[in-house]
Amino acid sequence: MICCQEFEDLVDREMARVSPKHLLENGRIVNDIDSEYFLVFGEGRFSYVGIHYCPFCGRVVSRALWDREKKK
């Protein structure tokens, strides 16, 4: 699920990835956010930064955060 056109453009330009953590290749995960949405930095060996919210529209994109909010 891509929430907005701006974030979809970021994914198309390979500056963001929507993937489970265990399928990310050629890089390292920088933070400890449980998410399947990542911003991508660097060339060659990438750095992945997990996000809970879309940087453009502010919607919750992370399934883990969504599940935690529903349990409250």
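Residues numbered from 1 in each chain as written. Predicted model: local features only at pLDDT ≥ 70, side-chain atom pairs only at ≥ 80, totals over all residues. Heavy atoms only, no water.

*Asks:* Hey, could you run me through unusual backbone geometry in this one?
*Replies:* Both trends apply: most residues other than glycine have a negative phi, and most peptide bonds are in trans. The phi dihedral of glutamate 14 falls on the positive side, at around 60 degrees, and the residue is not glycine. Phi at asparagine 26 takes a positive value of approximately 55 degrees, unusual for a residue other than glycine. Along the chain, the position of asparagine 26 falls in the loop between strand 1 (16-18) and strand 2 (27-29). (Helix = DSSP H or I, 4+ residues; strand = E, 2+ residues; numbered from the N terminus.)

*Asks:* Explain the pairing of strand 3 (residues 37-41) to me, please; I cannot follow it from the model alone.
*Replies:* Looking along a regular strand, one sees the side chains alternate between the two faces of the sheet. Counting buried positions along strand 3 gives 4 out of 5 residues, so the element sits mostly inside the fold. Relative to strand 3, strand 1 runs antiparallel, the two being bridged by 3 bridges. Counterpart to arginine 17 in the pairing with strand 3 is phenylalanine 38. Across 4 bridges, the pairing between strand 3 and strand 4 (residues 46-50) is antiparallel. In the sheet register, phenylalanine 38 faces strand 4, and the bridge partner there is glycine 50. Counted between consecutive antiparallel strands, the loop separating strand 3 from strand 4 contains 4 residues, among which glycine 42 sits at a positive phi close to 95 degrees. (Buried < 20%, exposed > 50% of the residue type's maximum accessible area, 1.4 Å probe, protein only. Pairing = 2+ DSSP bridges.)

*Asks:* Sorry, what's going on with the nonpolar core here?
*Replies:* The nonpolar side chains of a soluble globular protein tend to be buried, and buried together. Ranked by size, the top nonpolar core spans 10 residues in total: Cys3, Cys4, Phe7, Leu10, Ala16, Tyr37, Leu39, Ile51, Cys54 and Val61. Every element with two or more residues in this core is listed here: helix 1 (5-12) and strand 3. If we ignore the near neighbours within four places in the chain, the residues touching phenylalanine 7 are Ile2, Ala16, Val18, Tyr37, Leu39, Ile51, Cys54, Pro55 and Phe56. (Core = buried A, V, L, I, M, F, W, Y, C linked by side-chain atoms within 4.5 Å. Contact = heavy atoms within 4.5 Å.)

*Asks:* Just checking my understanding: could you explain the sheet that holds strand 3 for this structure?
*Replies:* Whenever strands of a sheet pair, they do so through backbone hydrogen bonds, lying parallel or antiparallel. The 4 strands lie next to each other as 1-3-4-2, forming an open sheet whose pairing is mixed. Pairing within the sheet leaves two strands with one partner each, and these edge strands are strand 1 and strand 2. With direction set aside, neighbouring strand axes in the sheet form an average angle of 30 degrees. Contacts between helix 1 and the sheet are confined to strand 1 and strand 3, with strand 1 contributing the most and set at about 100 degrees to the helix. (Axes fitted to C-alpha atoms, helices over the stretch in contact; angles between N-to-C directions.)

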